[in-house]
Each structure stands twice: as structure tokens, then as C-alpha cells.
Amino acid sequence: MKIRVFLLLMLTSATHFTGLAQEVNNLNEEESIKEEIWKVVEKRNSTWVENDFKGHMSIYHPDFRRWTLHSKTLMTKDIFASFWDGIKKNEEVIKIDIERKEMQILDDGNLAIAHYTIDEYYKWIEENKTNDEGITIRKGQIMNGKLRFSDIYIKVDNKWLYIGGHRDKAFLKEN
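Predicted model, so just to flag it, every value in this text is computed and none were measured.

1. Structural notes on the side chain of Arg44
Line of reasoning, step 1. Within the secondary structure, Arg44 is located in helix H1 (residues 2–49).
Line of reasoning, step 2. For Arg44, the side chain forms a polar contact with the side chain of Tyr153, separated by 3.5 Å.

What follows is the structure, encoded as C-alpha cells:
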């Protein structure tokens, strides 16, 4: 009888510890996936700073969609690519600081939503311009954009690609 009780306790303990080990393994795997995706987020932003068009666009999924900021149009990968030169001719990015907020992992680890903010410091390199709010931006002026992002990434052939999301201005201030 004592042997049966002992064996039953051993079996119960082994099952419990196996379940705990699996739970820890799942948590470690999820953290590893999150870190993988954060690296892609950082790469997407560093290619923007470095003016690396090819590297930046290599992160975009062919079916990418996101709202444009000032119209009712859904932006595609091709539309974003066509904006690149127009945006980059006006400003020179000095640096981007990323603040991670939250990461959601979905679809058995094949889909993720990265929520984060950035502080983007850039210099206006075009001639003076008056923006939509009536504020004049002067050539050489250093600006600080505070932006919020919710990027959606999908895993395709073992690579994380940016398939869509949302971006808005948390606030914009001048330095």
C-alpha cells in the first residue's frame, strides 16, 4: 500500500512538474518571438533614419495596408514607396528613440501587433514653409515629432513582415 501511494505521489509530481516546465517553455518562446519582432521594429525605424529605401521596403509585406494621414485612401506598399523621395527631400532625420509599450502575439505565434511610440528628431532642409496650422517651418529648423504606432507583423517563410497598422501624432513640438 505504501509503495502504491508513493508511486501515485511520484506520478502526480512528475505530471505537475512537466506541466510547469511546458508553461515556462511557452513563456520563454513567446518572449523570444517578441524580441525577434522588436528587432524588426527597430530595423524599420533605423532604415528610416539611415535613408535606406531598399532595406526599409524589404520589411513591408506585398499586401501592406495602412491609412494615409490626410486622406481616406488606404496606403499600399507601392504608394508608400512613391512617397519616400517626397518626404526625404524635406527633412533629414537626426535620430529616433523608440519606447516599447506592448506586444501582442496571435495566431500561434505567426501574427503580432507591436505598440510603441517614437521621438523623431529631424532637421527641415527645404526652404521655409507654412504648414496647415499656419506655422512657418524654417530651413535648418530642428523638429521633434512624437508619434504612436501599432504595427502589425506577419511571419512569412520564417521572416517577420510589416503588413499594416496605425500611426498618429501624439503631439509635435519644436526644439
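2. Thoughts on the confidence of the model for the protein chain
Line of reasoning, step 1. Of the residues in the protein chain, 83% reach a pLDDT of 70 or more, and the chain-wide mean stands at 88.
Line of reasoning, step 2. Taken element by element, the protein chain is modelled with least confidence in H1, mean pLDDT 78, and with most confidence in helix H2 (residues 53–57), mean pLDDT 97.

3. Regarding the pairing of strand S4 (residues 111–124)
Line of reasoning, step 1. Within S4, 10 of the 14 residues are buried, which leaves the element mostly enclosed by the surrounding structure.
Line of reasoning, step 2. Relative to S4, strand S3 (residues 91–106) runs antiparallel, the two being bridged by 14 bridges. Pairing of Val93 across the sheet is with Tyr122, part of S4.
Line of reasoning, step 3. Two elements, S4 and strand S7 (residues 142–156), share 13 bridges in a ladder whose sense is antiparallel. Of the residues in S7, the one forming a bridge with Lys123 is Ile142.

4. Observations concerning the packing of aromatic side chains
Line of reasoning, step 1. Throughout the structure, instances matching the rule amount to 11 aromatic pairs.
Line of reasoning, step 2. Relative to Trp84, the ring of Trp48 has its centre 4.9 Å away and its plane inclined at 85°; by these criteria the two rings are edge-to-face. With Trp48 in helix H1 and Trp84 in helix H3 (residues 77–88), this residue pair connects regions lying 36 residues apart in the sequence. You'll find Trp48 and Trp84 in the same group, each marked buried.
Line of reasoning, step 3. Seen in terms of ring centroids, Phe80 and Trp84 are 6.4 Å apart; in terms of plane orientation they differ by 75°. Their pairing is edge-to-face. Of this pair, Phe80 and Trp84 both sit in helix H3, four residues apart, which is roughly one turn of the helix. Accessibility classification places Phe80 together with Trp84 in one group, the buried group.
Line of reasoning, step 4. Feature note: the residues Trp48, Phe53, Tyr60, Phe64, Phe80, Trp84, Tyr153 and Tyr162 constitute an aromatic cluster, connected by ring pairs.
Line of reasoning, step 5. Sitting above the plane of the Tyr162 ring, Arg44 keeps its charged end 4.0 Å from the centroid.
Line of reasoning, step 6. Cation over ring: Lys88 sits above Trp48, and NZ or CZ is 3.8 Å from the ring centre.

5. Considering the layout of surface pockets
Line of reasoning, step 1. Quantified by volume, the largest pocket comes out at close to 1,100 Å³.
Line of reasoning, step 2. In terms of lining residues, the largest pocket is bounded by 34 residues, among which Leu69, Ile87, Glu91, Arg167 and Lys169 are the most central.
Line of reasoning, step 3. Elements supplying a minimum of two residues to the lining of the largest pocket: H1, strand S1 (60–67), H3, S3, S4, S7 and strand S8 (159–174).
Line of reasoning, step 4. With five residues, the single largest contributor to the lining of the largest pocket is S4.
Line of reasoning, step 5. Tallied by class, the residues present in the lining of the largest pocket amount to 17 nonpolar, eight polar and nine charged.

6. Remarks on the nonpolar core
Line of reasoning, step 1. Ile37, Phe80, Ala114, Tyr116, Tyr153 and Trp160 are the most contacted members of the largest nonpolar core, which has 25 residues in total.
Line of reasoning, step 2. Secondary-structure elements contributing two or more residues to this core are H1, S1, H3, S3, S4, S7 and S8.
Line of reasoning, step 3. Top contributing element to this core by residue count: H1, with six residues.
Line of reasoning, step 4. Discounting residues that sit within four places of it in the chain, Tyr153 has contacts with Ile37, Val40, Val41, Arg44, Ile59, Asn110, Leu111, Ala112, Ala114, Trp160, Leu161 and Tyr162.

7. Describing unusual backbone geometry
Line of reasoning, step 1. Despite not being glycine, Asp157 has its phi angle at roughly 50°, a positive value.
Line of reasoning, step 2. Tracing the backbone through its elements, the reader meets Asp157 in the loop between S7 and S8.
Line of reasoning, step 3. In this structure Asp157 comes out as exposed when scored by relative accessible area, which is 76%.

The rules behind each value
Residues numbered from 1 in each chain as written. Predicted model: local features only at pLDDT ≥ 70, side-chain atom pairs only at ≥ 80, totals over all residues. Heavy atoms only, no water. Helix = DSSP H or I, 4+ residues; strand = E, 2+ residues; numbered from the N terminus. Polar contact = N/O pair within 3.5 Å; in protein donor to acceptor, adjacent residues only side chain to side chain. pLDDT = per-residue confidence, 0-100. Buried < 20%, exposed > 50% of the residue type's maximum accessible area, 1.4 Å probe, protein only. Pairing = 2+ DSSP bridges. Phe/Tyr/Trp six-rings, centres within 6.5 Å; stacked < 30°, edge-to-face > 60°. Lys NZ or Arg CZ within 6 Å of the ring centre and 35° of its normal. 1 Å grid on protein atoms, 1.4 Å probe; cavity = no way out; pocket = protein on both sides within 12 Å on 5 of 7 lines; lining within 4 Å. Points joined across faces, edges and corners; volume = space filled by probe spheres on them. Nonpolar A, V, L, I, M, F, W, Y, C, P; charged D, E, K, R; others polar. Core = buried A, V, L, I, M, F, W, Y, C linked by side-chain atoms within 4.5 Å. Contact = heavy atoms within 4.5 Å.

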